[in-house]
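Understanding the architecture of this molecule
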Amino acid sequence: MSDIEARITALEDIAAIERLKYDYFFFCDHKQPEHVRECFAEGQVHIDYGRIGVYTDREQLVDIFSQLACAEHIVEMHHAQNPRIDLLDSTHAKGLWSLYYFMIDTKQKVATQLGGYYDDKYQKIAGQWKMTATTFHVTSTQLMDVGDAMAKIIFAGRNAPAELDDPSKQAG
């Protein structure tokens, strides 16, 4: 492979990885668990979403995603930026993604804003990039009571205490 071919392949691989992650966020926001599943490799993976849980296969993630995020009263918005993708070889890569996340729980009348970043690992399997590991690190949290005419801050800081931010409360 010539130098120019290798550079084009690298650019195509980075673009495919970015599309994979953008697709993941789109499928999460649009409550499409069957498509969320396809963003991850089959078999053993490592998914660490902190308080939401740690999972070793994509089915576990899809199960909890379906329970917590697919109810109509949960409105989510994932805004990813600043991707830093490093190709390790022709079939392995790693990446960091900044995330601004906003969720409205219309049942509990609570809005959650998170800032943080994903630390991901990717593998090219049968010509398609898939996530094999992902860890989300929270860097900021804001919880707001939106039940009255004016929003009221419940918490603002790095990580809200578990009693204020219990994901199991949002289940259908």
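Just so you know, these numbers come straight off a predicted model, no measurement behind them. (Residues numbered from 1 in each chain as written. Predicted model: local features only at pLDDT ≥ 70, side-chain atom pairs only at ≥ 80, totals over all residues. Heavy atoms only, no water.)

1. What to know about the layout of surface pockets
- In this model, the largest pocket occupies a volume close to 610 Å³.
- What lines the largest pocket is a set of 27 residues, and nearest its centre among them are Tyr49, Ile52, Tyr101, Leu114 and Phe136.
- No other element matches helix H3 (residues 58–69), which puts five residues into the lining of the largest pocket.
- Here the residues of the lining of the largest pocket sort into 18 nonpolar, six polar and three charged.
- Surrounding the second largest pocket, 15 residues form its lining, Ala16, Leu20, Asp23, Gln128 and Trp129 being those nearest its centre. (1 Å grid on protein atoms, 1.4 Å probe; cavity = no way out; pocket = protein on both sides within 12 Å on 5 of 7 lines; lining within 4 Å. Points joined across faces, edges and corners; volume = space filled by probe spheres on them. Helix = DSSP H or I, 4+ residues; strand = E, 2+ residues; numbered from the N terminus. Nonpolar A, V, L, I, M, F, W, Y, C, P; charged D, E, K, R; others polar.)

2. Considerations on the packing of aromatic side chains
- Per the stated rule, a full pass over the model turns up seven aromatic pairs.
- Ring centres of Tyr22 and Trp97 lie 5.2 Å apart, and the angle between their planes is 80°; on these two criteria the pair is classed as edge-to-face. Here Tyr22, found in helix H1 (residues 3–29), pairs with Trp97, found in strand S4 (residues 92–105); they are 75 residues apart in sequence, far enough to count as distant.
- For Tyr22, a relative accessible area of 38% gives the class partly exposed.
- A residue is classified by how much of its surface remains accessible, and Trp97, at 0% relative accessible area, is buried.
- Their ring planes at 55° and their centres at 5.6 Å tell us that Phe25 and Tyr118 sit as a pair that is tilted. In this pair, Phe25 sits in helix H1 while Tyr118 sits in strand S5 (residues 110–125), placing the two residues 93 residues apart along the sequence. Across this residue pair, the class does not change: Phe25 and Tyr118 are buried.
- In this structure an aromatic cluster arises from ring pairing among Tyr24, Phe25, Phe40, Tyr49, Tyr118 and Phe136.
- Looking at Lys21, its charged tip hangs above the ring of Tyr118, at a distance of 3.8 Å from the centre. (Phe/Tyr/Trp six-rings, centres within 6.5 Å; stacked < 30°, edge-to-face > 60°. Buried < 20%, exposed > 50% of the residue type's maximum accessible area, 1.4 Å probe, protein only. Lys NZ or Arg CZ within 6 Å of the ring centre and 35° of its normal.)

3. Brief notes about the pairing of S5
- Looking at chain direction, S4 and S5 are connected through 14 bridges and run antiparallel. Bridge pairing in S5 links Ile104 to Ala111.
- Here S4 folds back onto S5 in antiparallel fashion, the turn holding four residues, of which Lys109 has a positive phi close to 60°.
- The pairing of S5 with strand S6 (residues 128–145) spans 16 bridges and is classified as antiparallel. By the bridge assignment, Asp119 is partnered in S6 with Thr135.
- Counted along the chain from S5 to the antiparallel partner S6, the turn is two residues long, and its residue Ala126 has a positive phi close to 50°. (Pairing = 2+ DSSP bridges.)

4. Some thoughts on the pattern of salt bridges
- Here the structure, examined in full by the defined rule, presents nine salt bridges.
- Arg19 is paired through a salt bridge with Asp23; the nearest N and O atoms lie 2.7 Å apart. Here Arg19 and its partner Asp23 are both found in helix H1, four residues apart, which amounts to about one turn of the helix.
- A relative accessible area of 54% means that Arg19 is categorised as exposed.
- Residues Glu42 and Arg58 are paired through a salt bridge, measuring 4.0 Å at the closest nitrogen-oxygen approach. In this pair, Glu42 is assigned in the loop between helix H2 (33–38) and strand S1 (44–48) and Arg58 in helix H3, connecting sequence segments 16 residues apart.
- Of the residues examined, Glu42 reaches a relative accessible area of 66% and is grouped as exposed. (Salt bridge = Lys/Arg side-chain N within 4 Å of Asp/Glu carboxyl O.)

Geometric values such as these leave the question of function open.
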